[in-house]
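What follows is each chain in one-letter form.
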Amino acid sequence: MARRGKQGVEELLHDNRRLRDRVLELEAENHHLASLYVASVQLHATLEPAQVVRTIVEILENFVGARTFALYLVDERAGRLRAVAVHNAEPALGEPGLGEQALAERPSYADLGAPPLDPTRAAPPVVVPLRLGRRAVGAIAVWELLSHKPALDDVDHRLFDLLAGGKPPRRAKPVEPSPARLRAEPPSAAQPARRSEFPRSLLEAARLATGGGGLAGLV
Amino acid sequence: MPARLALVVEDSPTMRQLIVYALRRIPGLVVVEASDGLDALRKLAPPSRFDIILTDINMPVMDGLKLVHRVRNDPELAGLPIVVITTEGGEEDRRRALALGANAYITKPIQAPQVIATVKELLGVAS
């Protein structure tokens, strides 16, 4: 009788631990979903390109926990990537690999481990192409995460998917301009966005601009 | 838990929304938002009766450190628990905020369970 009672208590304790772990998992998932929801709402809450860029920077800094990163837009007319936001360092100017990665269909995630990379020399370990359908419109490059953030996790990849404009189409073809023509430009080359083309998001901004003859008017 | 009132002071709408979503997980907690320290002081003015403040440090108009200082030197508000939300590398800000009388700090990127646990502890709410 006593043994059965003890066994029952142990089972209850085991169930209690299992349920507690499950609650913690659900709390974490709830936080991830809230992050995605807030990011999505904020991205689509403005028609102002400069505000969209600010929102992307906030998401990268405060949600993903990126420390050193840059946001580029493709300037089709000039055939180059133009930095519209740089955080904590100058990006790798003229980095040839960045152009190829920006035109890729999928993000590339290399190890972001210590020691932190020098953004003026090293290719970014994380490059997230921003695409509108099959068209490359820009890229996010990340060199370093905050020191208390050891690695990207699942919700970070989902946030990058959100920023990238969703999953790329299955049969995406190479887009113009060619990777060889793309090179990174410093943010100082960026011009203020024209207020006459205010889209609902950065990607819609690109769509509007390309429909009107290229992205150069936006960046 | 009886209704409690929290003030979230953060200039970034994105970050503010995420904090508000986290706090909504606490039953009975009503959340009011402010976009900077001055906005927060306006909302803290009587007859408002807040139970806790969560504030960013770096904000335009009036930053979080000045807000902590003003609250701690106001006899009506001096006892309010204050949580500062800091960025990495903000150790000096964090140290100053705690020296000025902040009760706790949270580092960005925030995690909802940590925000909830911190607020519950300061409000004396059982987890």
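Note: the structure precedes this text.
Student: Help me understand the overall build of chain B in this model?
Tutor: Broken down by element type, chain B carries five helices and five strands. When the helices and strands of chain B are read in sequence order from the N terminus, they spell out β-α-β-α-β-α-β-α-β-α. Compactness check: chain B gives a C-alpha radius of gyration of 13 Å against a globular reference of 14 Å for 127 residues, within 12% of the reference. Taken over the C-alpha atoms alone, chain B extends approximately 35 × 35 × 25 Å along its principal axes.

Student: Help me understand the pairing of strand 3 (residues 52–56) of chain B, please; the structure alone is not making it clear to me.
Tutor: On a regular strand, each side chain points to the face opposite its neighbour's, so the side chains alternate between the two faces of the sheet. Residues and elements named next belong to chain B. For strand 3, a buried count of five out of five residues is recorded, marking the element as mostly surrounded by other parts of the structure. Side chains of strand 3 alternate between two faces, with Ile 52, Leu 54 and Asp 56 and Ile 53 and Thr 55 buried alike. Across four bridges, the pairing between strand 1 (residues 4–9) and strand 3 is parallel. Paired with Ala 6 across the bridge in strand 3 is Ile 52. As paired strands, strand 3 and strand 4 (residues 82–86) are joined by four bridges and run parallel to one another. Following the sheet pairing, Leu 54 is matched in strand 4 by Val 83. Crossover strand 3 to strand 4 through helix 3 (residues 64–72) is right-handed.

Student: In this structure, what is going on with the packing of aromatic side chains? I would like to understand it.
Tutor: Between two aromatic rings, the relevant description is the distance of the centres plus the angle of the planes. Counted under the stated rule, the structure contains one aromatic pair over all chains. A cation over an aromatic ring shows up here: B:Arg24 above the ring of B:Tyr21, its NZ or CZ 5.1 Å from the ring centre.

Student: What exactly am I supposed to notice about the interface of chain A and chain B here?
Tutor: A common way to express how large an interface is: the accessible area buried when the components associate. The partner chain B presents 17 residues to the 18 residues of chain A that form the contact. In total, about 1,700 Å² of surface goes out of reach between chain A and chain B, with carbon and sulfur atoms giving 59% of it. Three residues stand out in chain A for area buried against chain B, namely A:Glu27, A:His31 and A:Asn62, and they jointly supply 32% of the buried area on that side. Of the charged contacts, one joins B:Arg25 and A:Glu27 as a salt bridge, the two residues approaching to 3.1 Å between their closest N and O atoms. Our count for the chain A to chain B interface comes out at five residue pairs in polar contact (both at pLDDT 80 or more).

Student: Mind showing me how you'd approach the sheet that holds strand 3 of chain B here?
Tutor: All names here are of chain B. Ordered by their spatial adjacency, five strands build an open sheet running 2-1-3-4-5, and the pairing between neighbours is parallel. Strand pairing shows two members of the sheet lacking a second neighbour, strand 2 (29–34) and strand 5 (104–107), which therefore form its edges. Across the sheet, the mean angle from the axis of one strand to that of its neighbour is 20 degrees, orientation sign disregarded. Relative to strand 2, helix 1 (residues 13–23) is tilted by about 170 degrees, and along the sheet it contacts strand 1, strand 2, strand 3 and strand 4. Packing of helix 5 (residues 112–123) onto the sheet brings it into contact with strand 1, strand 2, strand 3, strand 4 and strand 5, and relative to strand 5 it is tilted by some 175 degrees.

Student: Any chance you could explain the nonpolar core here in plain terms?
Tutor: Counting 51 residues, the largest nonpolar core has A:Leu60, A:Ile140, A:Phe160, B:Leu23, B:Leu54 and B:Val119 as its most contacted members. Discounting chain neighbours no more than four positions away, the residues touching B:Val119 are B:Leu23, B:Ile26, B:Leu29, B:Ile52 and B:Leu54. If you look at the next biggest cluster of nonpolar residues, it comprises 21 residues, including B:Ala34, B:Phe50, B:Leu67 and B:Val84.

Student: Just to check I follow, could you spell out the pattern of salt bridges for this structure?
Tutor: Should their charged atoms come close, side chains of opposite charge can pair. The full count for this structure, using the stated rule, is 13 salt bridges over all chains. B:Lys108 is the salt-bridge partner of B:Glu10, the closest N and O atoms lying 3.5 Å from each other. Separated by 98 residues along the polypeptide, B:Glu10 in the loop between strand 1 and helix 1 and B:Lys108 in the loop between strand 5 and helix 5 bring together distant segments of the chain. Each member of the pair B:Glu10 and B:Lys108 is classed as buried. Judged by its relative accessible area of 6%, B:Lys108 falls in the buried class. Within the structure, one salt-bridge network assembled from shared partners comprises A:Glu29, A:Asp154 and A:Arg158.

Student: Got a minute to help me understand helix 4 (residues 154–164) of chain A in this structure?
Tutor: Along an α-helix, a turn takes 3.6 residues, which lines up residues three or four apart on a common side. Within the sequence span of helix 4 of chain A, burial applies to A:Val155, A:Asp156, A:Leu159, A:Phe160, A:Leu163 and A:Ala164. Positive backbone phi, at 95 degrees, marks A:Gly165, one or two positions downstream of helix 4 of chain A.

Student: Where do I start with the pairing of strand 4 of chain B in this structure?
Tutor: All names here are of chain B. For strand 4, a buried count of five out of five residues is recorded, marking the element as mostly surrounded by other parts of the structure. A two-sided burial pattern is seen for strand 4, the buried positions comprising Ile 82, Val 84 and Thr 86 on one face and Val 83 and Ile 85 on the other. Bridge count for strand 4 against strand 5 is four bridges, and the pairing is parallel. Bridge pairing links Thr 86 to Thr 107 in strand 5.

The rules behind each value
Residues numbered from 1 in each chain as written. Chains lettered and ligands numbered in written order. Predicted model: local features only at pLDDT ≥ 70, side-chain atom pairs only at ≥ 80, totals over all residues. Heavy atoms only, no water. Helix = DSSP H or I, 4+ residues; strand = E, 2+ residues; numbered from the N terminus. Rg over C-alpha atoms; globule rule 2.2 N^0.38 Å. Buried < 20%, exposed > 50% of the residue type's maximum accessible area, 1.4 Å probe, protein only. Pairing = 2+ DSSP bridges. Right-handed = clockwise from strand over helix to strand, strands pointing away. Phe/Tyr/Trp six-rings, centres within 6.5 Å; stacked < 30°, edge-to-face > 60°. Lys NZ or Arg CZ within 6 Å of the ring centre and 35° of its normal. Contact = heavy atoms within 4.5 Å. Buried area = accessible area lost by both parts, 1.4 Å probe. Salt bridge = Lys/Arg side-chain N within 4 Å of Asp/Glu carboxyl O. Polar contact = N/O pair within 3.5 Å; in protein donor to acceptor, adjacent residues only side chain to side chain. Axes fitted to C-alpha atoms, helices over the stretch in contact; angles between N-to-C directions. Core = buried A, V, L, I, M, F, W, Y, C linked by side-chain atoms within 4.5 Å.

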